[in-house]
Amino acid sequence: MADIHSAAEAPRITRREDYREPDWRVPEIELDFQLDPAATRVVARLWVQRSSEHDRPLVLDGDGLTASRVRVDGVEVPVEMDGPNLVVRLSGSAHLVETEVEIAPERNTQLQGLYASNGMLCTQCEAEGFRRITFFPDRPDVLSRYKVRMTADKARFPVLLSNGDPVGSGALDDGRHWAEWHDPFPKPSYLFALVAGDLVANRSTFTTMNGREVQLGIWVRAGDLERTHHALNALETSMRWDEQVYGREYDLDVFNIVAVDDFNFGAMENKGLNVFNSRYILADPDIATDYDYDAIAAVVAHEYFHNWSGNRITCRDWFQLSLKEGFTVFRDQGFSADQGSAAVKRIEDVRGLRASQFPEDAGPLAHPVRPDSYIEISNFYTATIYNKGAEVIRMMATILGPEKFRAATDLYFERFDGTAATCEDFVRCMEDAGGTDLTQFRRWYSQAGTPRVTASLKQEGGRARLTLSQTVPPTPGQPDKQPMVLPLKLRLFGSVTGRPLCDEQLIQLRDPTAEIVFESIPEPPVLSINRGFSAPVVVDTNRSARDLAFLSAHDDDPFARYEAMQQLMLDTLVASVTSGRPDHDAVIDAVRNTLTDPALDPAFVAEAVLLPSDSFIGDQMALVDPDAIFAAREALRRDLGREHEALWRSAHEAVRNNRFEYSPAGKGARRIKNVSLGYIAASGARDAADLALAQFEASDNMTDRQGALGVLVSSTATEQRATAIDAFYRRYADNALVLDKWFQTQALSSRDDTAQAVEALAAHPAFTLANPNRARSLIGAFGVNQRAFHDVSGRGYRFLADQLLALDKLNPQTAAKLLPPLGRWKRFDAGRAAKMRAELERIVATPGLSKDMFEQASKSLD
Ligand code: PHE
Ligand code: ZN
């Protein structure tokens, strides 16, 4: 393992400003794999070309590789290494360089490069995994045409897949067989993939907008075939959607997806051969929740959309990662919004942004959407690159409007097709097609931190005066910030008549402060601002509880309506934490109004009546007191449960016997049913546990079963709780994806003994760190359970650090992603902060720490 560093030697920092064009191009590559889990032989033939007048050797990246031989134009040359890399001295401007290495996929626990998972062999190359397979200039701006030949044991690996189109296959003696695939589209090495396994496909054909036939296949183990229909359907829907909404047509004759059980991320967009974490493919009502169904469709769409935003146009260097990820997330969000309720989708996306990106932007790991430096690029697959990046695209779409935005994306796809581009290239297309100057807007790419807007509205005679100001907080390495361009949608409503007092306006706040005057305002106005979450900012207003309650009932923008309710809940909870004297009346009334409004979509109602999470409440406070926050939130939940008990019961009862149907209406019914069950339990009703257990036992789908399990796991009803936990385990003991839910639900419990329970679960025979989904289901979930993780004893911190150190030895990439909860020490009291720091220090001082963990832990100490 070449990647292991002791903390004492400083790992190398890669900087954006150091970008240089590659010295050598590799227009063609042929790869020959003799596949075997224990020892795979890889022969690579690279047709290389000197890219300019220089006399530098060809340096091929390697990671843990040893070349058994190197040939230049057919002649063997001595092997020369520079650390992990291979140096080849070349005299001319074009040569054929051939290398041979041997690798051991079954010993690859990092799951980068070629590895074994449940009997199959597969690859993961983004960002720098290809160098673990063969020597190559492993950077996204070196594009090559690939020809791949695989040979393997036919019984163990009857299916052999790679990028592009199949061009031949055949049997060999000794039980082996071969297959060859050619990909006509030049691509960077991170998009290379191969899969070998005993797999079956759910197949379909798709006819593109220009009448071309594409063979689709979703490849899984035989027993999972029936669980691939939803994913296949989502693939066809997203292919059509990209044609209709972005004019993008698929370009190969084949599109394959393979589901893999051991996978570091969600999925990977390899050209023509997407590889997926099986959790984002497999679904049926018995094993997948509505959330899973939605996530599967979103990830299938996301990876498919990368074929244009990522593959046809890729990134010049990894600092440009958001060029493909931010844009592609924006595209998959648009797709999902079009499949059901756009309002609910926006609410979910903003909730996700606030749960993951805002804390990142406010902590020690804050970085710009286009970072300036990194130690390990794997650490930069973050909520900032993905989700804030998507918000940045969304703001440009808002500023340009739909027609110009479409013209701008057309221009981008045309201008940069077949190239490795930059974020700057994208913005330039927005400017050129949009006829607008985005000079100041570009700060969204360079400045980290969540901007804060203060808005105060005053009525003076027949006018209203809105005063706005903005600040961007300091972040690591960026103490001083310039003002941003903030597109804010706003509207005023009359607090007496409830009528809108003006049309919706889009203003662009560019200065530190600004004032807007509204004429002819006949009645006291209420401000609806940042409608649709038009800018990813925090807005502080002088709106009263009455104003917020009013908007939660009358605003015509569903997001703003949800937001007003959230703000009212947050204000109420923060006040009750700080004053200790709760006043729940305004929230109780507002929730009643929402619950009893027959015009509202049940899915929306269910989102709107949910309280903000413990950690989001904590994010509002300079000093987080997890126990006080939990107590305040539980008290409000109890009051809401009691005051509206009859409403929750009738909402629950009304849909209790629904049969499963995956449709927006079906999902909405299950959502309100489970939210209601939660409030019935919060009320302290004596029959709550029985009601939950009855739902658990009677439900015909995982959404309702896991919903009931979640309620019981947090309950003090010992008997019903144990019954459900045991029954769930027994029923799903042989389904890894569902067992993940069993671990996760328990790690998210709000019970007092959760920290101990999680320690015990880590010793459960079904727990393993070797599978990333399983590790995340327990350790990742525990890290976001604010109260349990911050147990005042510090045992949660110690537990996390122990687990991360163990996981780092197997899989540094997955370990490092689970560290951030420990880095939030500045927000906690001195006792907790000292304990958190002590664990970070222990991690940094550990010999043999990976550079992934070193970067995350050392930055978290600053
Ligand atoms: N590029 C993948 C995606 O967003 C994410 C990924 C990164 C997967 C690195 C694996 C490794 O779509
Ligand atoms: Zn992506």
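Quantities reported herein were computed from a predicted structural model and do not represent experimental measurements.

K.L.:
Explain the domain arrangement of the protein chain residue by residue, including any values.
P.N.:
For interface size, the figure often reported is the accessible area lost on association. Examined at the domain level, the protein chain breaks down into domain 1 (313-446) and domain 2 (733-862). Distance from the C-alpha centre of domain 1 to the C-alpha centre of domain 2: 30 Å. Each side of the interface is counted separately: domain 1 has seven residues, and domain 2 has 12 residues. When the residues that make up the side of domain 1 that touches domain 2 are grouped by side-chain class, the tally is three nonpolar, three polar and one charged.

K.L.:
Tell me about the sheet that holds strand S4 (residues 58-60), and please be specific about residues and values.
P.N.:
Hydrogen bonding along the main chain pairs the strands of a sheet, whether they run parallel or antiparallel. One open sheet holds the three strands; their spatial order is S4-S8-S7, and the pairing between them is antiparallel. Strands with a single pairing partner mark the edges of an open sheet, and in this sheet they are S4 and strand S7 (80-82). Between one strand and the next, the sheet's axes are offset by a mean angle of 35°, whatever the strand orientation. Inspection of the sheet shows S4 paired to strand S8 (residues 85-88) by three bridges, in the antiparallel sense. Note on S8: the bridge partner recorded for Val59 is Val87.

K.L.:
If you had to explain the environment of Ala763 to someone new, which residues and values would you point to?
P.N.:
By secondary structure assignment, the location of Ala763 is in the loop between helix H21 (754-762) and helix H22 (772-783). The exposure class of Ala763 is exposed, given the 7 C-beta atoms found within 10 Å. A sequence separation of 347 residues divides Ala763 from Phe416, and the C-alpha atoms of the two residues are 52 Å apart.

K.L.:
Go over the packing of helix H10 (residues 558-579) against helix H11 (residues 585-595) with me, naming the residues and quoting the values.
P.N.:
In contact at an axis separation of 10 Å, H10 and H11 are set at 155° when each is read in the N-to-C sense. Here H10 lies roughly antiparallel to H11, going by the angle between them. Here the hand of the crossing between H10 and H11 comes out left-handed. Here Met565, Leu568, Met569 and Thr572 of H10 lie close against H11, whose contacting residues are Ala586, Val587, Ala590 and Thr594. Partitioned by chemical class, the residues of the contact of H10 with H11 number six nonpolar, two polar and no charged.

K.L.:
Account for the sheet that holds strand S27 (residues 486-494), naming residues and giving values.
P.N.:
Strand order in the open sheet made by the three strands is S28-S27-S30, with antiparallel pairing throughout. With one partner strand each, in any of the chains shown, strand S28 (505-509) and strand S30 (525-529) form the two edges of the open sheet. The mean inter-strand angle of the sheet, taken between neighbouring strand axes irrespective of direction, is 35°. In terms of strand pairing, S27 meets S30 through five bridges, oriented antiparallel. In the strand pairing of S30, Phe493 is matched with Val526.

K.L.:
Would you mind going over the pairing of strand S14 (residues 165-171) in detail, with residue names and values included?
P.N.:
For S14, the buried fraction is low: zero of the seven residues fall into the buried class. Judged from the six bridges that link them, S14 and strand S15 (residues 176-187) form a sheet pairing that is antiparallel. Looking at the pairing, Gly170 lines up with Trp178 of S15. Counting the residues that bridge the hairpin from S14 to S15 gives four residues, and of these Asp174 lies at a positive phi of roughly 60°.

K.L.:
Tell me about unusual backbone geometry, residues and numbers included.
P.N.:
Most peptide bonds adopt trans geometry, and most residues besides glycine take a negative phi value. Between Glu126 and Ala127 the backbone carries a cis peptide bond, its omega angle lying at -5°. Looking at where Ala127 falls in the secondary structure, it is placed in the loop between strand S11 (120-124) and strand S12 (144-153). You will see that Asn118, though not glycine, has its phi angle at about 45°, which is positive. Note that Asn118 resides in the loop between strand S10 (113-117) and S11. By the C-beta count within 10 Å, which is 13 here, Asn118 ends up partly exposed. A positive phi angle is found at Ser520, which is not glycine, with a value near 40°. Note on placement: Ser520 falls in the loop between strand S29 (513-518) and S30. Since 9 C-beta atoms lie within 10 Å of it, Ser520 is described here as exposed.

K.L.:
Got a sec to walk through the UniProt feature "domain: Aminopeptidase N-like N-terminal" (unreviewed entry) in the protein chain? Specific residues and values, please.
P.N.:
Per the UniProt record, the feature "domain: Aminopeptidase N-like N-terminal" (unreviewed entry) sits at residues 53-191. Secondary structure within residues 53-191 divides into 0% helix and 52% strand; the distance between the first and last C-alpha atoms comes to 29 Å.

K.L.:
Kindly report on the nonpolar core, identifying the contributing residues and their values.
P.N.:
Val258 and Ala692 are the most contacted members of the largest nonpolar core, which has 235 residues in total. Leave out the neighbours within four places in its chain, and Val258 touches Cys122, Leu161, Val195, Leu199, Trp219, Val275 and Phe276.

K.L.:
So, the site of ligand 1: which residues are in play, and what are the values?
P.N.:
Taken together, Gln124, Glu126, Asn264, Phe265, Ala267, Met268, Glu269, His302, Glu303, Glu325 and Tyr381 make up all the residues around ligand 1. Those elements that provide at least two residues to the shell around ligand 1 are strand S20 (267-268) and helix H2 (290-305). Residues belonging to the shell around ligand 1 are distributed by class as follows: four nonpolar, three polar and four charged.

K.L.:
How would you sum up the packing of helix H17 (residues 688-698) against helix H18 (residues 702-713)? Please name residues and give values.
P.N.:
Running from amino to carboxyl end, H17 crosses H18 at an angle of 150°, the nearest separation of the two axes being 8 Å. Of the possible angle classes, the one that applies to H17 and H18 is roughly antiparallel. The interaxial crossing formed by H17 with H18 has left-handed handedness. Across the interface between the two elements, Ala689, Ala692, Leu693, Gln695 and Phe696 of H17 pack against Asp704, Arg705, Ala708, Leu709, Val711 and Leu712 of H18. Within the contact of H17 with H18, the residues separate by chemical class into eight nonpolar, one polar and two charged.

What counts and how
- Residues numbered from 1 in each chain as written.
- Chains lettered and ligands numbered in written order.
- Predicted model: local features only at pLDDT ≥ 70, side-chain atom pairs only at ≥ 80, totals over all residues.
- Domains from an automatic or database assignment.
- Contact = placed C-beta atoms within 7 Å.
- Nonpolar A, V, L, I, M, F, W, Y, C, P; charged D, E, K, R; others polar.
- Pairing = 2+ DSSP bridges.
- Helix = DSSP H or I, 4+ residues; strand = E, 2+ residues; numbered from the N terminus.
- Axes fitted to C-alpha atoms, helices over the stretch in contact; angles between N-to-C directions.
- Buried ≥ 20, exposed ≤ 12 C-beta atoms within 10 Å, placed from the backbone.
- Parallel < 35°, antiparallel > 145°, perpendicular 65-115°, else oblique.
- Left-handed = near helix turned anticlockwise from the far one by under 90°.
- UniProt positions renumbered as here; feature names shortened; annotations may be inferred.
- Core = buried A, V, L, I, M, F, W, Y, C linked by C-beta atoms within 7 Å.
- Near = placed C-beta within 6 Å.

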